[in-house]
Amino acid sequence: SKAPVRVAVTGAAGQIGYALLFRIASGEMLGKDQPVILQLLEIPDEKAQNALKGVIMELEDCAFPLLAGIEAHSNPEEAFKDTDYALLVGARPRGPGMERADLLAANAAIFTVQGKALNKVASRNVKVLVVGNPANTNAYIAMKSAPDLPAKNFTAMLRLDHNRAASQIAAKTGTAVGDIRKLTVWGNHSPTMYADYRFATINGASVKDTINDQVWNADTFLPTVGKRGAAIIAARGLSSAASAANAAIDHMRDWALGSNGEWVTMGVPSNGEYGIPAGIVFGFPVTTENGEYKIVEGLEIDAFSQERINITLAELQGEADGVKHLL
Ligand code: NAX
């Protein structure tokens, strides 16, 4: 049987953590033949550490055959030791009266520390997924703080936006989500993201031609996907957790095990593709194989799409500018 791999998860006692850890431990992320050791990080606060103990008791009580070990930590340099995968879920939420700049600064503090810790102690091939918001900029900060690790190993989660877009298209066209191919979401994980179905197909037929309604695209589809997180908060009183955890599983599984030629969306540092400045962590269509992702290149960007991409890029550049002095 395979040797266990180490999976670090931060914010492990939070609501996404609660929806995520059990699925990692059951083999849904890295395969039903891959034992895992969970290295869980929470803030030192007693309440958080106690909650983490409770989650660990439940993980133990599942008696998962693939769960080869569980560790609880409050120090990133211990939690990230030799880790092969790091899911950075914990982040500072926006509190009452908190300005955008305060939020950026609070998260910059967390993600510089965690980036440095990864740089120092993680596996040299560690695959990092940032879920905690602002996810793209947090991934950018962690990447900049880890100069000895490959920049390409730092990614942000756009997969929830991708999955939300797929589900809206399936509903609109009366088709099955699983039959949709070549969908992508460009840019920032925020309401400015640009979900793009111009290349998408359902059983080989063009989604754009099937829907054939640019007004629906601009006035219904994009706002619905962009504001889906807010709609869930309004309905549930809590932000998306199970669907966010599911997207994190999808992102890591496809990265580790391959997408079999299918497009998926990942937030990854640009190398200049599509005019996105190098280093900006941007949602792109990618295919994955042998543990590596590859940005799908050569797609035509029409005027509407360029305008949308410019908006979400400007937001990301504004965030990068906002943390420049902290890096
Ligand atoms: P919760 O508040 O339920 O849990 C967050 C947990 O992280 C808490 O237990 C907290 O103690 C811990 N934490 C905070 N700072 C930490 C640090 N420095 N080290 C370790 N742990 C730390 O939030 P939850 O609903 O689980 O959401 C987590 C993050 O995901 C939030 O930032 C949220 O905005 C973000 N999301 C990102 C999404 C995406 O698509 N990229 C979608 C879902 C979600 O909104």
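Predicted, not measured: the structure shown is a model, and the values here were computed from it.

1. So, helix H5 (residues 135-144)
In step 1: With nine of 10 residues buried, H5 lies mostly within the body of the structure.
In step 2: Here the buried face of H5 lies against helix H4 (100-121), strand E5 (127-130), strand E6 (154-156), strand E12 (264-269), strand E13 (281-289) and helix H11 (303-323).

2. Comments concerning the packing of aromatic side chains
In step 1: Tallied over the entire structure, the rule returns 11 aromatic pairs.
In step 2: Plain terms: the ring middles of Tyr197 and Trp216 are 6.1 Å apart, the flat faces sit at 40° to each other, and that makes the pair tilted. With Tyr197 in the loop between strand E9 (194-196) and strand E10 (201-202) and Trp216 in helix H8 (residues 214-226), this pair connects stretches of sequence that are 19 residues apart. Accessibility assignment for this pair places Tyr197 and Trp216 in one class, buried.
In step 3: Taken together through their ring pairs, the aromatic side chains of Trp186, Tyr274, Phe282 and Phe284 make up a single cluster.

3. Considering the side chain of Thr201
In step 1: By secondary structure assignment, the location of Thr201 is in strand E10.
In step 2: Take Thr201: its relative accessible area is 19%, and that puts it in the buried class.
In step 3: When neighbours within four sequence positions are excluded, Thr201 is seen to be in contact with Asp179, Ile180, Arg181 and Val207.

4. Regarding the UniProt feature "domain: Lactate/malate dehydrogenase C-terminal" (unreviewed entry) in the protein
In step 1: Under the UniProt annotation, "domain: Lactate/malate dehydrogenase C-terminal" (unreviewed entry) lies at residues 159-324.
In step 2: Structurally, residues 159-324 comprises 48% helix and 19% strand, and the distance from its first C-alpha atom to its last is 27 Å.

5. Description of the environment of Gly291
In step 1: Of note, Gly291 is situated in the loop between E13 and strand E14 (292-295).
In step 2: Spatially, the C-alpha atom of Gly291 lies 6.4 Å from that of Leu257, the residues being 34 residues apart in sequence.
In step 3: In this structure, Gly291 is in contact with Lys127, Trp255 and Ala256, ignoring residues within four places of it in sequence.

6. Let's talk about the environment of Pro223
In step 1: The residue Pro223 is located in helix H8 in this model.
In step 2: Judged by its relative accessible area of 26%, Pro223 falls in the partly exposed class.
In step 3: When the C-alpha positions of Pro223 and Pro191 are compared, they lie 7.6 Å apart, and in sequence the two are 32 residues distant.
In step 4: Residues contacting Pro223, with those up to four places away along its chain left out, are Asn217 and Ala218.

7. A closer look at the pairing of E14
The side chains of a regular strand alternate between both faces of the sheet.
In step 1: Side-chain alternation along E14 places Tyr293 and Ile295 on a buried face and Glu292 and Lys294 on a face that remains uncovered.
In step 2: Summarising the sheet, E13 and E14 pair through four bridges and their orientation is antiparallel. By the bridge assignment for E14, Thr288 is matched with Tyr293.
In step 3: What sits between E13 and E14 in their antiparallel hairpin is a turn of two residues, with Asn290 showing a positive phi close to 50°.

Rules of the game
Residues numbered from 1 in each chain as written. Predicted model: local features only at pLDDT ≥ 70, side-chain atom pairs only at ≥ 80, totals over all residues. Heavy atoms only, no water. Buried < 20%, exposed > 50% of the residue type's maximum accessible area, 1.4 Å probe, protein only. Helix = DSSP H or I, 4+ residues; strand = E, 2+ residues; numbered from the N terminus. Contact = heavy atoms within 4.5 Å. Phe/Tyr/Trp six-rings, centres within 6.5 Å; stacked < 30°, edge-to-face > 60°. UniProt positions renumbered as here; feature names shortened; annotations may be inferred. Pairing = 2+ DSSP bridges.

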